[in-house]
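Examining the three-dimensional arrangement
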Amino acid sequence: MNPDNNNTASKTMSDDKSASGIDRRTFLQASTLGAMAAAGAAPAIAQSRAARPVVISSGNGFIHTNGGTETCVEKAFRRITEGVDVLEALVEGVNIVELDPADTSVGYGGLPDALGRVTLDSCCMHGPLKRAGGVAALQGVRTPSNVAKAVADLTDHHLLVSQGAQDFARQMGFEIEDDLNSERSRERFMEWRRRIDPAHYPDPNRQARLSPEALQNFSRQSLAVAEEMAAEGLIDPEHLYGTINCNGVNGAGDVCGVTTTSGLAWKIPGRVGDSPILGAGLYVHNDVGAAGSTGRGEANLYNLASFFVVEELRRGAGPKDAGMAALRRVWENTESRLLNEDREPSFNLNFYVLAKDGRHAGVAFYGSNSNGSQRTYAVCDENGGRHEPIEGLVG
Ligand code: GLY
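Now for a quick tour of the structure.

Reading guide: rules and limits
Residues numbered from 1 in each chain as written. Predicted model: local features only at pLDDT ≥ 70, side-chain atom pairs only at ≥ 80, totals over all residues. Heavy atoms only, no water. Helix = DSSP H or I, 4+ residues; strand = E, 2+ residues; numbered from the N terminus. Buried < 20%, exposed > 50% of the residue type's maximum accessible area, 1.4 Å probe, protein only. Contact = heavy atoms within 4.5 Å. Areas by Shrake-Rupley, 256 points an atom, 1.4 Å probe, with all protein chains shown as cover. Pairing = 2+ DSSP bridges. Axes fitted to C-alpha atoms, helices over the stretch in contact; angles between N-to-C directions. Expected span 1.5 Å × (residues − 1). Polar contact = N/O pair within 3.5 Å; in protein donor to acceptor, adjacent residues only side chain to side chain. Phe/Tyr/Trp six-rings, centres within 6.5 Å; stacked < 30°, edge-to-face > 60°.

Before going further, it helps to examine the overall build of the chain. In terms of helices and strands, the chain carries 10 helices and 13 strands. In the chain, which comprises 395 residues, the share counted as buried stands at 57%. If you take every contact in the chain between residues at least 6 apart in sequence, the share linking residues at least 24 apart comes to 68%. Surface accessibility of the chain: about 16,100 Å² in total, with carbon and sulfur atoms responsible for 49%.

This is the structure:
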């Protein structure tokens, strides 16, 4: 049996926690509140109207099964239609991708930072309960989405980082592992090191130490090397910035979302992107819908673009137009060094947009890959799981 395979998140947590890491009492409270909201009985929670249940995600949500039979969007949709709380269902879905080492952009086996450490970011939002939680630069927990949900469910805070996030996870009963590299992510890291610092590494006789100057140099070169490795098929181009965003709505109109990532491959240690930041990697408003992002996190962080998308939905735009408006805003706010000779973005950024009534869209600067193949996002509804095309603003 492949030790990398583990189709449940529960192995990483103590037995007295649900798969979400939430304790039973709080889970029951949250479930009861959700049920009351659906019945219109809880004045503190926004009234929901009937909707068409749908789950959408980045394309990797309809690829990986971690040795099981369901993908992220299929599992999340099934659990929603079984009556499970929407955020609980979405987190169960993204757990499949976090735990699958075949996806080197998320969770266990994500591509590490410049020192070879896998550091993970995630956030989640629960529309009807108006709860949110996130973790950034978390090491040692395979499923950071569960820790983000525990922050939302069990604390008065919205974001825990680094050692504090790990300490919290340990206190909540999550298993903390020394190293989340898989064989694949470790091999890719070694190849990156060999290319970026061929004079020193890997050479067991040299014991080279990384100086701050060397790290700065690495960061300048690392994207070029990563792009070279992607062109050679050594890493998936979609995994340079990685990430899965997954948003869902149930029949009662409860909207939730979750985003989880290992972030930029071989980043400067300490770098955090958009994924754990509310309004950037994810935004949810239960009266309107949800939006989340993958791609170049810095472009999104500068604009808090998922919040922008949801505000566009609120102003009456459809999901595609709302996402395109955010892309235009990001483009306007892009430094010249990041524009190509045609003044177009030299990077990609994607938004996955779900309206409360179940309409959805996937948009990006570029809807096709450099080889011309159509890029896609994942959907699951009453017609089953599938990929649908991402619409490109530029190409
Ligand atoms: N969008 C993921 C990141 O930039 O970290």
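One key point about sheets: their strands pair by backbone hydrogen bonds, in either a parallel or an antiparallel sense. With mixed pairing, the five strands of this open sheet are ordered in space as E7-E8-E9-E10-E13. What marks the edges here is a single partner per strand, and that holds for strand E7 (282-285) and strand E13 (391-392). Across seven bridges, the pairing between strand E8 (residues 289-295) and strand E9 (residues 349-355) is antiparallel. Opposite Ser293, over in E9, you have Phe351 as the bridge partner. The sheet contacts of helix H9 (residues 305-314) involve E7, E8 and E9, and relative to E8 the element is tilted by about 145 degrees.

Our next topic: the pairing of strand E11 (residues 376-381). Of all six residues in E11, five are buried, a share of seventy percent or more. Of the pairings in the sheet, the one linking strand E1 (residues 54-58) to E11 comprises four bridges and is antiparallel in character. Paired with Ser58 across the two strands is Tyr377, which belongs to E11. As judged from the six bridges shared by E11 and strand E12 (residues 384-389), these two strands associate in the antiparallel manner. Across the sheet, the residue bridging to Cys380 is Gly385, located in E12.

Moving on: helix H3 (residues 86-99). Helix length check: H3, at 14 residues, gives a terminal C-alpha distance of 20 Å against a target of 20 Å (1.5 Å per residue), a fit within 8%. Counting buried positions along H3 gives 14 out of 14 residues, so the element sits mostly inside the fold. N-capping of H3 is provided by Asp85, with a side-chain oxygen placed 3.1 Å from the backbone N of Leu87.

We now examine the sheet that holds E11. Spatial ordering of the open sheet is given by E4-E3-E2-E6-E5-E1-E11-E12, a layout of eight strands whose pairing is mixed. Strand pairing shows two members of the sheet lacking a second neighbour, strand E4 (159-161) and E12, which therefore form its edges. Taken over all neighbouring pairs, the strand axes of this sheet differ in orientation by 10 degrees on average, direction set aside. Taken together, the four bridges between E1 and strand E5 (residues 244-249) define a ladder with antiparallel strand orientation. Bridging from a neighbouring strand, Ser57 pairs with Cys246 of E5. Sitting on the sheet, H3 touches E1, strand E2 (120-126), E5 and strand E6 (255-261), and the angle it makes with E6 is about 20 degrees. In this fold helix H5 (residues 162-171) packs onto strand E3 (131-138) and E4, with an angle of close to 105 degrees to the strand it touches most, E4.

Applying the stated rule across the entire model yields five aromatic pairs. The interplanar angle of 80 degrees and the centroid separation of 4.9 Å between the aromatic rings of Tyr283 and Phe307 together place this pair among those described as edge-to-face. Of this pair, Tyr283 sits in strand E7 while Phe307 sits in helix H9; the two residues are 24 residues apart in sequence, bridging distant segments of the chain. Using a relative accessible area of 18% as the deciding quantity, one classes Tyr283 as buried.

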